Amino acid sequence: MADDIIAVKPEIAAKARIDAARREAMVAAEAKDAAAFWRGEMKRVAWMKEPTKIKSVDFDGDVSIKWFEDGVLNASVSCLDRHLATRGDQVAIIWEGDDPNSDAKVTYRELHARVCKLANAMRRLGVKKGDRVCIYLPMIVEAAVAMLACARVGAIHSIVFGGFSPDSLSSRIQDSECTLLITADEGRRGGRRVPLKGNADEALLTCPSIRHVIVAKNTGGAVEMMEGRDHWWDAITAGEGETCEPEPMNAEDPLFILYTSGSTGKPKGVLHTTGGYLVWASFTHENVFDYRDGEIYWCTADVGWVTGHTYIVYGPLANGATTLMFEGVPSWPDNGRFWQVCAKHKVNIFYTAPTAIRALMRDGEAPVKKHDRSTLRILGSVGEPINPEAWLWYYRVVGDERCPIVDTWWQTETGGILISPLPGAIAQKPGSATLPLPGVKPAIVDNEGNILEGAAEGNLVMLDAWPGMMRTIYGDHARFGQTYFSTFKGMYFTGDGARRDADGYYWITGRVDDVINVAGHRMGTAEVESALVAHPAVAEAAVVGMPHEIKGQGIYAYVTLKAGIEATEVLRKELAAWVRKEIGPIATPDAIQWAPGLPKTRSGKIMRRILRKIAANETEGLGDTSTLADPGVVQELIDNRMG
Ligand code: WT7
């Protein structure tokens, strides 16, 4: 089944923005003269001063990546102002609440006015170009307004997912020294409330850089407001005008920071700049989803992740699209919610994660078939490898074998999609992200960095830059070079493994580093370990990913307790709750195994390869354990494996 090929339907190719011939022409044009190609594509955003220098990239030495470097623009103008004359009364955002009876529509004109009011208020509070603003909001329209208001005044937004704990919020605010926090009283998810302001208050006990907090009233739940520091959104914007001078930004001025997990240490502040990112967001949104004027486009991600940044806000709005923003979850009030929303708002393009598909698949076809999906035209997948079984269910049941699926591979670091089918140009293979977009130059290298040709499997790297890629790690350019450009010299290392088949199609095999992907969310094993060892009962911890039917990967923790501490079920539950509180619900371990000892080399390095195999219950081929300091621990761990 995995080798099925689903050809492009002629009726789709005929109407698509890009058919096979056009794709070939684009790839050839980019290869021949990248500067000329991107000089053409850059016109998709509004420039105050058009750039004359297109690309200046060096992956060696200190690593320097610049696109459109003498151009001047403001991202909010491309997303709002320039649409006012032609589509001011078109709906920009359809908001669908957690409660199926609540929704709202915001036109481009209204969105522009709301952004300007907030931007004016921010300026009045002293926010200037280059200042960092943290956004900790639920999936409400204010999240998009806050992002664009930051862009308007030239402030760098750093969104922290509403599911993160006070500690996680605090460390992110501290790392980039944000001066303003924008949050809400509470969020809603699946009928429950999330105490955002309460979490923020706790976080802010350790965030001296924050001078002001703007609080959106969402649920009306009771919160404490600190005199002088905290301001209600409505009150602070009430007297502000509906126009606001956009800050002229150099193309390479930062647009946002987004923290993401790596193999080691604390989450890194991935920094994206203005011009290249916006061109890439627009280019990929329009072409990958074959977006057509007037269509309703829905990406189910949260704005707290990069998918929400690029494919709920910046890409769609830059393209003048109608983007749907969903506050809820796929399973509430029932597991037909996605399809009910598709029917209600006549969604044409639907973009979600494999984990959601797998969870819904369990409930069979009835909840899907109950709702009219005839408006759907394109389906998308993102965040983790999609197994062929889930792919085919998505294709047959959700899309009635009518809608092409775009399995889009990319990362927080890449800013936007790099490898994906184009619906009118590339035949699909269930489970393969297929081919690179024009301008993307992937390669597969072995562990020594040799480029492998033809059908091959190894490490996925990029040989050259594309406009939307990250420029640095906020405040730590050395770590940027170290993390992404030192494993394989002169190449961007993705951290993913991949296989390329005889047709040149890419099959992502998953992370090859110590990052795990839980339900499409990236988690560093080191982060979970450091949360565990912060508990007074824990002496040592090792965390690995394990296969999980719904989530793709689950979190498996091996814990060594301090001497004299009893290993009880109560303690096991307590540790799971502890991690949940320290990082957030997405980091909750799925299994905790007591480990009197961990397999280590004689130099003290934990052999994770062995721990991964035990967690996956693949204890047959454990490989060479002779270099272990104490080979006996392995059998002990196998005998007491969880699950
Ligand atoms: C990691 C990046 C892309 C935005 C959301 C996640 C995995 C992502 C796919 C895909 C196989 C995928 C990779 C990547 N991943 N999309 N279509 N097929 N794997 O962004 O949190 O930065 O995670 O997600 O392992 O490295 P992220």
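Above this text you will find the structure in question.
Residues numbered from 1 in each chain as written. Predicted model: local features only at pLDDT ≥ 70, side-chain atom pairs only at ≥ 80, totals over all residues. Heavy atoms only, no water.

(A) Quick look at the packing of aromatic side chains. Scanning all chains against the criterion turns up 35 aromatic pairs. The ring of Trp232 has Lys217 sitting right over it, with the charged end atom 4.6 Å from the ring centre. The ring of Tyr505 has Lys429 sitting right over it, with the charged end atom 4.6 Å from the ring centre. (Phe/Tyr/Trp six-rings, centres within 6.5 Å; stacked < 30°, edge-to-face > 60°. Lys NZ or Arg CZ within 6 Å of the ring centre and 35° of its normal.)

(B) Region of the structure containing the pairing of strand 17 (residues 296-299). Burial of strand 17 is two-sided: the residues Ile296 and Trp298 facing one way and the residues Tyr297 and Cys299 facing the other way are all buried. Strand direction decides the pairing type here: strand 17 and strand 18 (residues 322-326), joined by 3 bridges, are parallel. Note on strand 18: the bridge partner recorded for Ile296 is Thr322. Read from strand 17 through helix 11 (residues 306-318) to strand 18, the crossover connection turns out right-handed. (Buried < 20%, exposed > 50% of the residue type's maximum accessible area, 1.4 Å probe, protein only. Helix = DSSP H or I, 4+ residues; strand = E, 2+ residues; numbered from the N terminus. Pairing = 2+ DSSP bridges. Right-handed = clockwise from strand over helix to strand, strands pointing away.)

(C) Representation of the layout of surface pockets. Put simply, the second largest pocket is a space of about 590 Å³. For the lining of the second largest pocket, the elements supplying multiple residues, two or more each, are helix 16 (477-485), strand 26 (492-500), helix 17 (525-533) and helix 19 (608-615). Considering every element that reaches the lining of the second largest pocket, the biggest residue donor is helix 16, with 4 residues. Partitioning the lining of the second largest pocket into residue classes produces 7 nonpolar, 12 polar and 12 charged. (1 Å grid on protein atoms, 1.4 Å probe; cavity = no way out; pocket = protein on both sides within 12 Å on 5 of 7 lines; lining within 4 Å. Points joined across faces, edges and corners; volume = space filled by probe spheres on them. Nonpolar A, V, L, I, M, F, W, Y, C, P; charged D, E, K, R; others polar.)

(D) Quick peek at the sheet that holds strand 21 (residues 405-408). Here 7 strands make up an open sheet; going across it, the order is 6-5-18-17-19-20-21 and the pairing mixed. The open sheet terminates on both sides in strands that have one partner only, identified here as strand 6 (103-107) and strand 21. Sheet twist, expressed as the average angle between the axes of neighbouring strands with direction ignored, equals 20°. Of the strand pairs in this sheet, strand 19 (residues 349-352) and strand 20 (residues 378-382) are connected by 4 bridges, and their pairing is parallel. In the strand pairing of strand 20, Phe350 is matched with Leu379. Seen against the sheet, helix 5 (residues 108-124) touches strand 5 (91-96) and strand 6 and runs at an angle of roughly 85° to strand 6. (Axes fitted to C-alpha atoms, helices over the stretch in contact; angles between N-to-C directions. Contact = heavy atoms within 4.5 Å.)

(E) Fine view of the packing of helix 19 against helix 20 (residues 632-639). Look at helix 19 against helix 20: their axes get within 10 Å of each other, and the N-to-C directions meet at 25°. As far as their axial angle goes, helix 20 and helix 19 are roughly parallel. Crossing angle aside, the handedness with which helix 19 passes helix 20 is right-handed. Residues Ile610, Leu611 and Ile614 of helix 19 form the contact with helix 20, whose own contacting residues are Val634, Leu637 and Ile638. In the contact of helix 19 with helix 20, the residues fall into 6 nonpolar, no polar and no charged. (Parallel < 35°, antiparallel > 145°, perpendicular 65-115°, else oblique. Left-handed = near helix turned anticlockwise from the far one by under 90°.)

(F) Region of the structure containing unusual backbone geometry. Of the consecutive residues Trp332 and Pro333, the connecting peptide bond is found in the cis state with omega at -5°. Notably, Glu401 is not glycine yet its phi reads approximately 60°, a positive angle. Mapped onto the secondary structure, Glu401 falls in the loop between helix 15 (388-398) and strand 21. Residue Glu401 is classed as partly exposed on the basis of its relative accessible area of 43%.

(G) Inspection of the site of the ligand at higher detail. The environment of the ligand is formed by 17 residues, the closest being Asp407, Thr408, Thr412, Asp496 and Arg522. Residue Thr408 places a main-chain N or O atom 2.8 Å away from a nitrogen atom belonging to the ligand. In the model, an oxygen atom of the ligand is placed 2.8 Å from a nitrogen or oxygen of the Arg511 side chain. Surface burial for the ligand is 95%, taken as the share of its 550 Å² of free accessible area covered by protein chains. Of the residues in the shell around the ligand, the class split is 6 nonpolar, 6 polar and 5 charged. (Near = heavy atom within 4 Å. Polar contact = N/O pair within 3.5 Å; in protein donor to acceptor, adjacent residues only side chain to side chain. Areas by Shrake-Rupley, 256 points an atom, 1.4 Å probe, with all protein chains shown as cover.)

(H) Inspection of helix 6 (residues 141-153) at higher detail. End to end, helix 6 covers 19 Å across 13 residues, agreeing with the expected 18 Å (1.5 Å per residue, within 8%). Within helix 6, 13 of the 13 residues are buried, which leaves it mostly tucked inside the rest of the structure. Note on helix 6: the residue one or two positions beyond its end, Gly154, has a positive phi of about 80°. (Expected span 1.5 Å × (residues − 1).)

(I) Just the nonpolar core, in detail. Trp38, Leu111, Met122, Ile182, Tyr314 and Val559 are the most contacted members of the largest nonpolar core, which has 161 residues in total. The leading source of residues in this core is helix 6, at 11 residues. Aside from chain neighbours lying at most four places away, what touches Tyr314 is Ala75, Cys79, Met147, Leu148, Ala151, His157, Leu255, Phe256, Tyr277, Leu278, Ala281 and His309. (Core = buried A, V, L, I, M, F, W, Y, C linked by side-chain atoms within 4.5 Å.)

(J) Fine view of the sheet that holds strand 25 (residues 472-473). Ordered by their spatial adjacency, 8 strands build an open sheet running 13-12-9-7-8-15-16-25, and the pairing between neighbours is mixed. Of all the strands in the sheet, the pair left with one neighbour each is strand 13 (230-232) and strand 25. The pairing of strand 8 (residues 156-159) with strand 15 (residues 254-260) spans 2 bridges and is parallel. Along strand 15, the bridge assignment pairs Ser158 with Ile257. Seen against the sheet, helix 6 touches strand 7 (132-136), strand 8, strand 9 (180-184), strand 12 (212-216) and strand 15 and runs at an angle of roughly 175° to strand 7. Seen against the sheet, helix 8 (residues 196-204) touches strand 7, strand 9, strand 12 and strand 13 and runs at an angle of roughly 155° to strand 9.

(K) Local environment of the side chain of Ser158. Tracing the backbone through its elements, the reader meets Ser158 in strand 8. Residue Ser158 is classed as buried on the basis of its relative accessible area, which comes to 0%.

(L) Main features of the pairing of strand 22 (residues 442-445). Here strand 22 shows a buried face lined by Pro442 and Ile444 and a second buried face lined by Ala443 and Val445. Relative to strand 24 (residues 456-462), strand 22 runs antiparallel, the two being bridged by 4 bridges. Bridge pairing in strand 24 links Ala443 to Val461. Where strand 22 meets strand 23 (residues 451-452), 2 bridges bridge the pair, whose relative direction is antiparallel. The residue of strand 23 that forms the bridge with Ile444 is Leu452. Joining the antiparallel neighbours strand 22 and strand 23 is a turn of 5 residues, in which Gly449 adopts a positive phi near 90°.

In short, shape yes, function no, at least from these values alone.
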